[in-house]
There are 2 protein chains.
Amino acid sequence: MKKYSREEARKIINELLVEIFNRILAIEGQNLKDKGIKLSMSEVHVLEAIELTEEPTMSNIAKRLGITIGSLTTAINTLYQKGYVLRERDPEDRRKVVVGLLPKAEDVLKEHDSFHEEMIDSIFEEMELEKDELLIESLDKLSSYFKK
Amino acid sequence: MKKYSREEARKIINELLVEIFNRILAIEGQNLKDKGIKLSMSEVHVLEAIELTEEPTMSNIAKRLGITIGSLTTAINTLYQKGYVLRERDPEDRRKVVVGLLPKAEDVLKEHDSFHEEMIDSIFEEMELEKDELLIESLDKLSSYFKK
DNA sequence: TCAAATAGTTTGAACTTCAAATTATATTTT
DNA sequence: AAAATATAATTTGAAGTTCAAACTATTTGA
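What you see is a predicted model, and the numbers here were worked out from it, not measured in a lab.

1. Topic: the protein's contact with DNA strand D
Taken together, 21 residues surround DNA strand D, and among them Ser40 and Ser71 of chain A together with Ser59, Thr73 and Val97 of chain B come closest. Backbone atoms, meaning sugar plus phosphate, form 82% of the atoms of DNA strand D positioned within 4 Å of the protein. Contact between DNA strand D and Thr73 of chain B: a phosphate oxygen at 2.8 Å from a side-chain N or O atom of the residue. Within the side chain of Arg87 of chain B, an N or O atom sits 3.0 Å from a phosphate oxygen of DNA strand D. Of all the secondary-structure elements, those providing two or more residues to the surface near DNA strand D are helix 4 (69-81) of chain A together with helix 3 (58-65) and helix 4 (69-81) of chain B. The element contributing the most residues to the surface near DNA strand D is helix 4 of chain B, with 4 residues.

So this is what it looks like as structure tokens:
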């Protein structure tokens, strides 16, 4: 197996961060366009965060996304305008606003998910990653590391 | 070893894409702030691209960054104002503009590089990634895959 | 009760990016 | 060589994302 120096490791991770990550986002964005979905990737990320957040209040969603609540408010405003989400005050605590996904949003997420699924399949096939289990395990660790 | 389903693999990669990379970018941005460097991450990426591009003309740099030449022009305008880069017409082909890094920019890149180095070291140490060679190999393949 | 804490929204500003129009230079065609 | 075309970059106007700070509404705690 090829031996990687720390220097090369740094270079590869740097590449992933500044080039590959942006490229994947661009590909995903193009896919949305092709499918006639008029949403930016940030908007899709907001929808994903709503779906994945246990109690989807403004604060909780913003925290998950790593943006301020104010930023999220403007994002939700446009998603509401476009008919992707609904928002209502929590009757238990009327300071809170609970955000929900409308069917239109579920469709987009399903579409986006299956695109992701295909992308990952094609990565594993074309990369001839025999050790893909180990890759996923490593990525999982990487992911956990940064979540702490 | 834990067995990962394709579903879990997708979830982990998705997490990396939408959460972890943004978090790393935020951490790097914070580091710049802490060091008193008044540049955004996008500006640092432009500097990196200039450094890494063989013939650093506007077109070549923009291509590497995956942005339009117009966008790069505005980015270079402010970097020039701030004293990080110089720009001059190519005497061979006066349509071209060649961009160069000033010492101030080299310093920032050095700073940023060493931060990266430390981050990677700490990842490998704290994650107890015995199989880090394989992780890097896999990331390398991943990176190559998306560069095609 | 009333002060402090919490949850969201609004506003104004900065930054990033793009598309389209424009300028300048180089290359190709006639 | 002149005209047309292609290439390289800049400018302009608009849209999207984000933040910080000021503000409103509601709840909690002393």
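Having seen the structure, we can now continue with the description.
2. Brief notes about the protein's contact with DNA strand C
Among the 21 residues in the neighbourhood of DNA strand C, the closest are listed as Ser59 and Thr73 of chain A together with Ser40, Ser71 and Arg95 of chain B. By atom count, sugar and phosphate contribute 80% of the portion of DNA strand C lying within 4 Å of the protein. The side chain of Ser59 of chain A places a nitrogen or oxygen atom 2.3 Å from a phosphate oxygen of DNA strand C. At 3.0 Å, a backbone N or O of Val97 of chain A approaches a phosphate oxygen of DNA strand C. Those elements that place two or more of their residues in the surface near DNA strand C are helix 3 (58-65) and helix 4 of chain A together with helix 4 of chain B. Here the element with the most residues in the surface near DNA strand C is helix 4 of chain A; it accounts for 4 residues. Tallied by class, the residues present in the surface near DNA strand C amount to 4 nonpolar, 11 polar and 6 charged.

3. Let's talk about the interface of chain A and chain B
How big an interface is tends to be stated in terms of the accessible area lost upon association of its parts. Tallying the contact residues gives 56 residues for chain A and 59 residues for chain B. In this assembly, chain A packs against chain B so that about 6,300 Å² is buried in total across both faces, 65% of it on carbon and sulfur atoms. For the interface between chain A and chain B, the tally reads 0 salt bridges. Counting the contacts that link chain A with chain B gives 0 residue pairs in polar contact (both at pLDDT 80 or more). Among the secondary structure elements, those contributing two or more residues to the side of chain A that touches chain B are helix 1 (6-34), helix 2 (41-52), helix 5 (103-127) and helix 6 (132-147) of chain A. With 18 residues, helix 1 of chain A is the largest single contributor of residues to the side of chain A that touches chain B. Residues belonging to the side of chain A that touches chain B are distributed by class as follows: 25 nonpolar, 7 polar and 24 charged.

4. A look at the packing of aromatic side chains
On inspection of all chains with the given rule, the structure shows 1 aromatic pair over all chains. Note that Lys104 of chain A overlies the ring of Tyr84 of chain A, its terminal NZ or CZ placed 4.8 Å from the centroid.

5. Brief notes about the nonpolar core
Most often, soluble globular proteins keep nonpolar side chains buried together rather than apart. If you look at the biggest cluster of nonpolar residues, it comprises 67 residues, and the most contacted ones within it are Leu139 of chain A together with Leu47, Ile50, Tyr84, Val85 and Leu139 of chain B. Tallying contributions element by element places helix 1 (residues 6-34) of chain B first for this core, with 11 residues. Setting aside residues up to four positions removed in sequence, Ile50 of chain B forms contacts with Pro56, Ile61, Ile76, Val85, Val99 and Leu101 of chain B. Ranked by size, the runner-up nonpolar core spans 24 residues in total, among them Leu39, Met41, Ile61 and Val108 of chain A.

6. As for the relation of the copies chain A and chain B
The transformation that overlays chain A on chain B combines an axial shift of 0.1 Å with a rotation of 180°, and the residual RMSD is 0.2 Å. In short, the pair behaves as if placed about a two-fold rotation axis. Relative to the rotation axis, the C-alpha of Leu135 of chain A is the closest in chain A, positioned 3.0 Å from it. Take the interface residues of chain A: 100% of them recur as interface residues in chain B, which is what a same-surface contact looks like.

7. Digging into the pattern of salt bridges
Throughout the structure, instances matching the rule amount to 8 salt bridges over all chains. As a salt-bridge pair, Glu55 of chain A and Lys96 of chain A come within 3.5 Å of each other at their nearest N and O atoms. Here the residue Glu55 of chain A occupies a position in the loop between helix 2 and helix 3, and Lys96 of chain A occupies one in the loop between strand 1 (85-89) and strand 2 (97-101), the gap between them amounting to 41 residues. Close ionic contact of Glu43 of chain B with Lys82 of chain B constitutes a salt bridge, the shortest N to O distance being 3.1 Å. Highlighted residues: Glu43 of chain B in helix 2 (residues 41-52) and Lys82 of chain B in the loop between helix 4 and strand 1 (85-89), separated in sequence by 39 residues. You can call Lys82 of chain B partly exposed: its relative accessible area is 34%.

8. Quick word on the packing of helix 3 of chain A against helix 4 of chain A
All names here are of chain A. Interaxial distance between helix 3 and helix 4 falls to 9 Å at its minimum, and their mutual angle equals 105°. As the angle between them shows, helix 3 and helix 4 are arranged roughly perpendicular. Here Met58, Ser59, Ile61, Ala62 and Leu65 of helix 3 lie close against helix 4, whose contacting residues are Ile69, Leu72, Thr73 and Ile76. By residue class, the composition of the contact of helix 3 with helix 4 is 7 nonpolar, 2 polar and no charged.

Definitions and cut-offs
Residues numbered from 1 in each chain as written. Chains lettered and ligands numbered in written order. Predicted model: local features only at pLDDT ≥ 70, side-chain atom pairs only at ≥ 80, totals over all residues. Heavy atoms only, no water. Near = heavy atom within 4 Å. Polar contact = N/O pair within 3.5 Å; in protein donor to acceptor, adjacent residues only side chain to side chain. Helix = DSSP H or I, 4+ residues; strand = E, 2+ residues; numbered from the N terminus. Nonpolar A, V, L, I, M, F, W, Y, C, P; charged D, E, K, R; others polar. Contact = heavy atoms within 4.5 Å. Buried area = accessible area lost by both parts, 1.4 Å probe. Salt bridge = Lys/Arg side-chain N within 4 Å of Asp/Glu carboxyl O. Phe/Tyr/Trp six-rings, centres within 6.5 Å; stacked < 30°, edge-to-face > 60°. Lys NZ or Arg CZ within 6 Å of the ring centre and 35° of its normal. Core = buried A, V, L, I, M, F, W, Y, C linked by side-chain atoms within 4.5 Å. Buried < 20%, exposed > 50% of the residue type's maximum accessible area, 1.4 Å probe, protein only. Least-squares fit on C-alpha atoms with pLDDT ≥ 70 in both. Axes fitted to C-alpha atoms, helices over the stretch in contact; angles between N-to-C directions. Parallel < 35°, antiparallel > 145°, perpendicular 65-115°, else oblique.

Function cannot be inferred from these measures alone, as they are strictly geometric.
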